[in-house]
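An overview of the molecular structure
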Amino acid sequence: MTTRSTTEKVTQPVGVSVPRIDAKEKVIGSALFADDLQFGPGLLYARIKRSVYPHALIKRLDTSKARLLPGVKAVVTGEDTPGFIGLYLQDRHIFCRERARYVGDPIAGVAAVSEEIAEQALDLIEVEYEPLPGVFDPEYGASPDAPLLHPDLDKYEVVNFIFPEANSNISNHFRIRKGDVEASWTQCTAIIERKYRIPHVQHVPIEPHVAVARANEDGKITLWGSSQSPFAQRNLIAKALGKSQSDIQVVAPYVGGGFGSKAGVSMEALAVVIAMQVKGRSVKLRLTREEEFYTTFVRQGVVAHFKMGCDREGRLLAMENKFYWDGGAYTEYGVNMTRAAGYSSSGPYFVPNVKTDSYCVYTNHPVSGPMRGFGMPEMHAGLEQCIDELAIAIGMDPVQFRKLNCIKTGDTLVTGMTMHPTGLSECLVKAADAIAWGRKDPSSAPHKRRGKGIALMWKAPAMPPNAGSSAKVALNEDGTVTVSVGGQDIGQGSFTVAAQMAAAALGVPMEWVRVATPLNTDYSPYEWQTVASRLTWSMGNAVVTAARDARQQILEMVAKAWNEDLDDLDIIDGKVISYKSEESISLKNIVVYGMSLPDDQGWIGGPVLGRGNFMPTYVTGLDPETGQGPRAVVHYTTGAQAVEVEVDMDTGKVEVLRGVAAFDVGKAINPDMVKAQMEGGFVQGVSTALFEGLQLKEGFLQNSSFVDYRIATSTDAPLSLHSIIVEVPQDDGPWGARGIGEHAMVPTIPAIANAIYDAIGIRVGSPPFSSEKVFLAMQEAGLVE
Amino acid sequence: MTTHRITLTINGEYEQVDVSSNMTLLQMLRDRLALTGTKNGCNAGECGACTVLLDGEPVNSCMVLAVECAGAQITTVEGLAHDGILDPIQQTIIEHGAVQCGFCTPGILLSARGLLNRNPNPSDEEIREALVGNLCRCTGYLRIIDAVKDAALRQQALLS
Amino acid sequence: MTLNAHPELPEFDYIRPASLMEASQFLAEHAGEARPMLGGTDIFVRMRDGFWHEKYLVDVKHLDGSGDIRFDPVAGLTIGAGVNMNRVIASPQVQQHYPLLAEACRSVASYQLRTRATIVGNICNASPAGDTIGACLLLGGTLKVHGVTSFRQVPLPGFFLGPGSTVLQPGDIVTAIQFPPPPQPDSGMYIKLGRNQMSDLSIVGVTAYGFADRTTTSGYRFRVALASVAPVPLVVHAVEEYLAAHEISPEAFKQAGRLAQESCNPIDDVRGSARYRKAMVQRLTEKALQITWGQLQ
């Protein structure tokens, strides 16, 4: 593994907080999102008929009346989708066949000349269900008493690092067996054993899902959509339909928020299948906000059991964890969260003895998928509260306890991997400092109590070991640079940092660099997915390689034309300069037309096109029985958050006054955008801590709209947020960079829970920490009448 | 279902449109006039992504019928900049890094413009309250609030 | 439960009558199929969710004085049906003479929704959670109703029959709400407990209103109305009687809180449990009265 990146001198604009390159487009309203694309009067509209039962056999499905409604152009059902689809585990049909497994499961789809007619057609589709007993709790689902939701589980295609258990509802069982946990308990001076039930939440991107599909007579399919992952969508849909990847073209314009909900395939395949029935016509499928809440992806719920113990000095000795993930009706994506939580189940701590069983369990709940943090927020929610409790049980300050135990460079991790250089301790100290840990400030009113809490986090990109990135850097006659990537900007700013890195690696001003948008799988270079906080690192490496490749081509050409040594040449500010002869020439024109030789004796050069790719090569498998292996993940981003809250003793309402975040990002390519991620993630974390949870009753969602699914508004944002960048370089990151996007919302729930404890002496446990939950807990504890 | 021929002014342009009774202002803007800057986030008056100015006041365009807008003046995000010069709030929201995915941005800009029109020197609390009907999932709001405050200062400077 | 909300509004005809008479007649003739419409904020949501299926929406917000706010020291305050809540909040007369009304309006939803929402609409929607209803009840509001045969006044007590249900008949159009001139000095407050800081529907809402009254033993009269804890907005008469008859003290307010709690029978729902609501009614009633009392001094 080369270390050239970290010894690379930092070249502007890397490290500079340049404004984002797509901001102007967005503020004048000309940035196009998927629903803004115009398809002309021939556009058809699709609506989906969905299961009204959480678990039922489909005894009879009659679409004949719907087909006859004037204006209806196509009706599709599971009859048309015999193939399976899935990212890690192929466990679902695009439209259900024989059986519906959650309220909202697509049973039929209609395309019509207007959305109204499509909607009317749904009412004409007759469905006869035979309701079946349902599974609504993952521990129950994992037990032998529960009905089998996927009797053919053992026949599903599955990647080799996911382990379903046949004849059960367990679609993945990840194990950690490290050291000897049983023997360790006797050596512990303090042991904490707790259970948490973390509810499902939904991503709530402000832009609901939308997809437009068209299938041509020649077999080519085009899919336009709000998408984080055009290449993954191309791949999964092709496989499910028995086609080849190049038969499908995915176009992905601006995305109005993803947070994971627009990764993988959720509703897009529905539009494609419907479009295949009306060759040559474009079909648009838009989800209502209500559908967004329960028919796309949701974040898994989990019932998490923690047991952890430390010795007299406060050193963590053992952890025993059991996670029952509520994976929902299909866990084709969710299975990997189970694994990711498993291989990080010690939390960001050195623990010599760990036993973890992480189960992904089918339930008749909405489908789980990736959500910002990918299992880490759910796990840390309980784990970091236990750490606090353990600290206090042993008589140690929670910050001191964490200082002692937090993961440090060179530590052996829970999977046996060795920890690379990390600034976690620095993050902890800085966060504690910034919140003025140990100082109790007076409350703002007599009926309020103030408290502070802190929590650490870690997360690795959760992805297949061979997830790759590629990039192209093309030079234009006017000297501008077009960077082509396959990674999407979902708001995090990936296009801007790609431009910054290309500018720095090539030697041109930032203003000269453009990123080719929208993403288009026919023209854009391959990118596995825009998830896992991997783009700055992985795609960044590809972009840098491509930019250097272009740079090399230019310098070789000029060296020949000037008869100089390559080593004497450089590109600075868009000009090739010679340190030796002090000649200089602008990049304009020569990067396309080449350079002529003296005395008109010919030409050299040609259109400059740089290419680059990056794929980690060093991730190893893990032993299925023990979860041990030399290198489980590419790297970890670590960090800390501290909060100050006030609890209203009259109502139980928790207000987050201020927050502090410190994350080790290796190298902040754009510091202001890194901080913006820390702020946005923090507020999303606050929202999930205080307000959010899908209220499911026997599989039916009670709060399927903004009326009753509350998210943080401008009046809920804290008074201040202080974001601290720590930079301990990643050995194979561009300029040492690693990701930040997800990490910013991982420790927020437990930081707030720990602050509530500091304020009122009560452990609130499972989120959301609503006013009601806190008030009733205060009542139970005798703190209020 | 009845249709109505209405005339109204949108971003200073006189328009005549035939709209059905049940068409919302949002639908008219997006589907009839291809003014896609105004977004649909929930169609229920909760998220604010569809905010426009109706006779100078912020409304959720998904909760107004197009036919009710006969004779009205509408301002959408496309009408904020003039002759290539950005509205101060457009300028400051860029400078403060308060745009991420950009989907809530048009609605935020219109709500802020409405606020600054009626209250040229708002406090932080007044800004938060004015924006409570504009949901943002990306930024965490603080930079947006700073951008509005900054825009108020710039606006004062421009006017004086 | 809005699992099956439609993407857009269902089909209907938009009717804009030129006069109140025309409007009332149309509504009466199409009883069951037509609904009067002001800001539409409640109607559109119900229609999209599939609960209401009217064929006609009759826009009455531009008729005969519906757009006026008038204050007169003798007649009091008249707010036309078409006056949106932002205008009420901004009105100098409301701020000066009926600040409780402005406070109640400010708690509703968001600025954008308040550009459309009206007090009369809030009342006619008859949701037990209606934020402005408590203030209107306690301030002695009376509705002016234009019907097919006559104009009449309908006092608010007794107006509400159940959730979403009022004494209005087909053909009735509420044209304004009128409040008598307030006794001086007076004070009030509206405490709205939502799940997040603002813009929510109330878990519990407590409106308190008090004024000096020499005819009572205590020398004061206090009124309390509760939102979201009963099928209709609830005025707690027991509180008024108690605080009229007993000397004002923190203990009296504590007792008032208990009386308020006993008066209501909230349910468990997606927003909160009955147990929590009862506890909050008690504490927030006590608190609202305490603060109102403090403002009167």
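Refer to the structure presented above.
Just so it is clear, the model here is predicted, and its values are computed rather than measured. (Residues numbered from 1 in each chain as written. Chains lettered and ligands numbered in written order. Predicted model: local features only at pLDDT ≥ 70, side-chain atom pairs only at ≥ 80, totals over all residues. Heavy atoms only, no water.)

Attention now moves to the sheet that holds strand E11 (residues 186-193) of chain C. Residues and elements named next belong to chain C. On the basis of which strands lie adjacent, the open sheet formed by four strands has the order E11-E12-E13-E14 and antiparallel pairing. Two strands close off the open sheet at either side, each with one partner strand: E11 and strand E14 (234-235). Bridge count between E11 and strand E12 (residues 204-212): eight bridges; the pairing is antiparallel. Following the sheet pairing, Leu-193 is matched in E12 by Val-204. (Pairing = 2+ DSSP bridges. Helix = DSSP H or I, 4+ residues; strand = E, 2+ residues; numbered from the N terminus.)

On to the sheet that holds strand E18 (residues 448-459) of chain A, then. Residue and element names in this part refer to chain A. Strand order across the open sheet formed by four strands is E18-E29-E30-E33, with mixed pairing between neighbours. Looking along the sheet, the strands with just one partner apiece sit at the ends: E18 and strand E33 (720-726). Within the sheet, the average angular offset between the axes of one strand and its neighbour, ignoring direction, is 15°. Examined bridge by bridge, E18 and strand E29 (residues 637-648) share 12 bridges and lie antiparallel to one another. Counterpart to Gly-451 in the pairing with E29 is Val-645. Seen against the sheet, helix H13 (residues 424-434) touches E18, E29, strand E30 (654-664) and E33 and runs at an angle of roughly 25° to E29. (Axes fitted to C-alpha atoms, helices over the stretch in contact; angles between N-to-C directions. Contact = heavy atoms within 4.5 Å.)

To continue, consider the packing of aromatic side chains. What the rule picks out here adds up to 31 aromatic pairs over all chains. Between the aromatic rings of Tyr209(C) and Phe211(C), the centroid separation amounts to 5.7 Å while the plane-to-plane angle is 50°, which identifies the pairing as tilted. An aromatic cluster is present here, built from Tyr88(A), Phe161(A), Phe297(A), Tyr333(A) and Phe374(A) joined pairwise through their rings. Lying over the aromatic face of Tyr757(A), Arg763(A) brings its terminal NZ or CZ to 3.8 Å of the ring centre. Here Arg118(B) stacks its cationic end above the ring of Tyr111(C), 3.4 Å away from the centre of that ring. (Phe/Tyr/Trp six-rings, centres within 6.5 Å; stacked < 30°, edge-to-face > 60°. Lys NZ or Arg CZ within 6 Å of the ring centre and 35° of its normal.)

The angle between the axes and the distance between the axes are what describe a pair of packed helices. Residue and element names in this part refer to chain A. One can describe the packing of helix H11 (residues 376-393) onto helix H12 (residues 398-405) by two numbers: an axis separation of 9 Å at closest approach and a directional angle of 105°. Relative to H12, H11 is oriented roughly perpendicular. Counted together, Glu-384, Ile-387, Asp-388, Leu-390, Ala-391 and Ile-392 of H11 and Pro-398, Phe-401 and Arg-402 of H12 form the full contact between these two elements. Of the residues that constitute the contact of H11 with H12, the class distribution is six nonpolar, no polar and three charged. (Parallel < 35°, antiparallel > 145°, perpendicular 65-115°, else oblique. Nonpolar A, V, L, I, M, F, W, Y, C, P; charged D, E, K, R; others polar.)

Further remarks concern the pattern of salt bridges. Residues and elements named next belong to chain A. Counting across every chain of the model gives 71 salt bridges over all chains. Of the charged contacts, one joins Asp-22 and Arg-20 as a salt bridge, the two residues approaching to 2.7 Å between their closest N and O atoms. Residue classification places Asp-22 among the buried residues on the basis of a relative accessible area of 1%. The buried category is assigned to Arg-20, whose relative accessible area is 10%. Across the pair Asp-758 and Lys-440 runs a salt bridge, and its minimum N-O distance is 3.7 Å. (Salt bridge = Lys/Arg side-chain N within 4 Å of Asp/Glu carboxyl O. Buried < 20%, exposed > 50% of the residue type's maximum accessible area, 1.4 Å probe, protein only.)

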